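A look at the structure
Below, each chain spelled out in residue letters.
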Amino acid sequence: MSKVLVVDDDIDICALIEFKLAGAGHEVIVEHDGEGGLAAARSERPDAVLLDWMMPRLSGLEVCAALRSDPELASIPVVLLTARAQEADIERGFAAGADDYIVKPFSPRELSTRVDAVLKRAGR
Amino acid sequence: MSAAQVFGLALVALSVGLVAMVVATLFAKTWRGVRARRFARRARTVRPLLLRALDGDAVDLSELRRGHGAEVGRIVATGMLANVRGTDRRMLGEHLESEGLVAAAEADARSGSPRRRLIAIEFLGAVGRPASTAALGAALRDRIPAVRTAAARALGRLGSASAVAPLVDALAAGAVPRSSVTVALLRLGPLAEEGLLVALDHEDPVVRSVTAEVCGSLGLTSARAPLLALVRDRRCRTSAARALGRLGHPDAVPLLCATVEAELSPARARWSDDSFTIAAINALGSIGDRRAIPVYESALGRSRLVALAASEALRPAGPRRSRRSTALRSLPGGAAGHDTESSATDGASR
């Protein structure tokens, strides 16, 4: 069973993702802001991180960059989930180190499939 | 009464008023907090039901049809539907409909409570069933502006061509802000084509103008002929010109050029319509046909904004660049703030 950290300031979205991923057999940890998410990543060492971009205290992009710059966390797959859909935003997301980029509104089934795929690629 | 007594009474009245205001503010804040906590508590029981419905479970949602459960259920469902797409979204929408929640919301769209009407309308928009068009169309005539605007927004989310006619009627009646109707029509997209083509011939010039802009933004090439006709209508021609620029078809060039030249003629010097002239020049620039170059050059000698539009349109025109530079330098203030030399990569691509 893989551990997935979900970081999003929207309670409804977190509940939805938690429901979907738990139904797919994952253990889900939820945080509602960037700093909490980074702290949870350090303490819980999840197998994958699902990050919103626009969050209080620390943006998803900053969290992603922080994860990539920490040698102990750099290998954790990161999926960005955001309403920012412009080409330039997608480029920035991948440049910050994201392994995948999902645009809101999203398909929960597709999200679950993508999380499974990044976990599998990372051997987790 | 002496002046001192009057002053004293006034001070007492002011103090009482201030205290009452503070108490009322504290009470309102406390009450909002109570309501928010109550909502959060109720949402925690409603959310799992909706999540299971989204997952395809045949969950009993009867408690969400009426009363406080209906309000909380609609708000949570609206938020959930706004964030998802695909199979899950479809399954949740179908289940909400089969459980009678859509019909209940359509009934509540006529409720005596504006808050209940608003929540029901937002919910109907989020579920997006074309059958809700009638209920939402009626809500466009609501006495509360926020409800009318919400109805327009909801109609834009229905994904049905039947939503166009009520939106156009609301636009003609001035019942809903133009921006809300425009966004709703844009959201309907190419589905709205037939209704928009009809609306281009509407008796109200505001409707014709808004529809022209929407047709241009949607890239509806079928609107080309009616838009060309609207260039001859002084009340709508600016919107028509902008739309033709977005469509980008060279068919529009001769008429736009002729109309701009007419505006630039000495006979119209005192009554020239700069907003149309600028829109038409920008449109010609977007189309990028070299037949328009003489028009740009004529426009360089006019008002500053018209000359700027013309100089921008000339920018990719290559060998004509030097004339643009000369014209810019002759403007009041010279070429300050405007680059007089285009990039070296400008060519005769047009």
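What you are looking at is a predicted structure, and each value in this text was computed from that prediction instead of being measured. (Residues numbered from 1 in each chain as written. Chains lettered and ligands numbered in written order. Predicted model: local features only at pLDDT ≥ 70, side-chain atom pairs only at ≥ 80, totals over all residues. Heavy atoms only, no water.)

**Here's the deal with the environment of Ala24 of chain A**
Rule in force here: Elements are defined by DSSP. Helices are runs of H or I of four residues or more, strands are runs of E of two residues or more, and each kind is numbered from the N terminus.
Relative to the helices and strands, Ala24 of chain A is located in the loop between helix H1 (11-23) and strand E2 (27-31). Sequence separation between Ala24 of chain A and Val78 of chain A is 54 residues; the distance between their C-alpha atoms is 18 Å.

**A word on the pairing of strand E3 (residues 48-51) of chain A**
Residue and element names in this part refer to chain A. The cut-off we apply is this: When a residue's accessible area, from a 1.4 Å probe over protein chains only, is under 20% of the maximum for its type it is buried; when over 50% it is exposed; and in between it is partly exposed. When DSSP finds two or more bridges between two strands, those strands count as paired. By convention, a crossover is right-handed whenever its connection, traced from the first strand over the helix to the second and viewed with the strands pointing away, goes clockwise.
Neither face of E3 is open: one carries Ala48 and Leu50, the other Val49 and Leu51, and all of them are buried. Sheet topology places strand E1 (residues 3-7) next to E3; four bridges connect them, and they run parallel. Within E3, the position partnered with Val7 by the bridge is Leu51. As paired strands, E3 and strand E4 (residues 78-82) are joined by three bridges and run parallel to one another. Bridging across to E4, Leu51 finds its partner in Leu80. Crossover connection from E3 via helix H3 (residues 60-69) to parallel E4: handedness right-handed.

**Some points on the interface of chain A and chain B**
By convention, interface size is frequently given as the accessible area that disappears when the constituent parts associate. Stated formally: Residues count as neighbours in contact if any of their non-hydrogen atoms are within 4.5 Å of one another. The term buried area means the drop in 1.4 Å probe accessible area that two parts suffer when joined, counted for both and summed. A carboxyl oxygen of Asp or Glu within 4 Å of a side-chain nitrogen of Lys or Arg is what we treat as a salt bridge. The term polar contact refers here to a pair of N or O atoms within 3.5 Å; inside protein, the definition further demands a hydrogen-donor-capable atom paired with an acceptor-capable atom, and it admits residues adjacent in sequence only when both atoms are side-chain atoms.
Contacts between chain A and chain B engage 14 residues on the former and 13 residues on the latter. Summing both partners gives a buried area of about 1,300 Å² for chain A against chain B, and 55% of it is carried by carbon and sulfur. For chain A, the biggest contributors to the area lost against chain B are Asp12, Phe19 and Arg109 of chain A; these three give 39% of the whole. Across the pair Asp88 of chain B and Lys20 of chain A runs a salt bridge whose closest N-O atoms are separated by 2.9 Å. There are eight residue pairs in polar contact (both at pLDDT 80 or more) connecting chain A and chain B. For the side of chain A that touches chain B, the secondary structure elements donating two or more residues are H1 and helix H5 (108-121) of chain A.

**Digging into the nonpolar core**
Where we set the bar: Nine residue types can take part in a nonpolar core, namely buried Ala, Val, Leu, Ile, Met, Phe, Trp, Tyr and Cys, and a core is a set of them joined through side-chain atoms within 4.5 Å.
Membership of the largest hydrophobic core comes to 115 residues, with the highest contact counts inside it found for Leu50, Leu96, Leu227 and Leu256 of chain B. Discounting chain neighbours no more than four positions away, the residues touching Leu50 of chain B are Leu61, Leu64, Gly73, Val76, Ala77, Met80, Leu92 and Leu96 of chain B. One finds Leu51, Leu58, Leu67 and Leu73 of chain A within the second-largest nonpolar core, a separate group that totals 23 residues.

**Quick notes on the pattern of salt bridges**
Overall, the coordinates contain 35 salt bridges over all chains when judged by the stated rule. Here Arg68 of chain A makes a salt bridge to Asp99 of chain A, at a shortest N to O gap of 2.7 Å. Of the two residues, Arg68 of chain A sits in helix H3 while Asp99 of chain A sits in the loop between helix H4 (87-95) and strand E5 (100-103), which places them 31 residues apart along the sequence. Look at Asp99 of chain A and you get partly exposed, because its relative accessible area is 36%. The partner of Arg268 of chain B in a salt bridge is Glu263 of chain B, with the nearest N and O atoms 3.2 Å apart. Connected via shared salt-bridge partners are Arg234, Arg237, Glu263, Arg268 and Asp273 of chain B.

So far we have only geometry, and geometry alone does not tell us how the molecule works.
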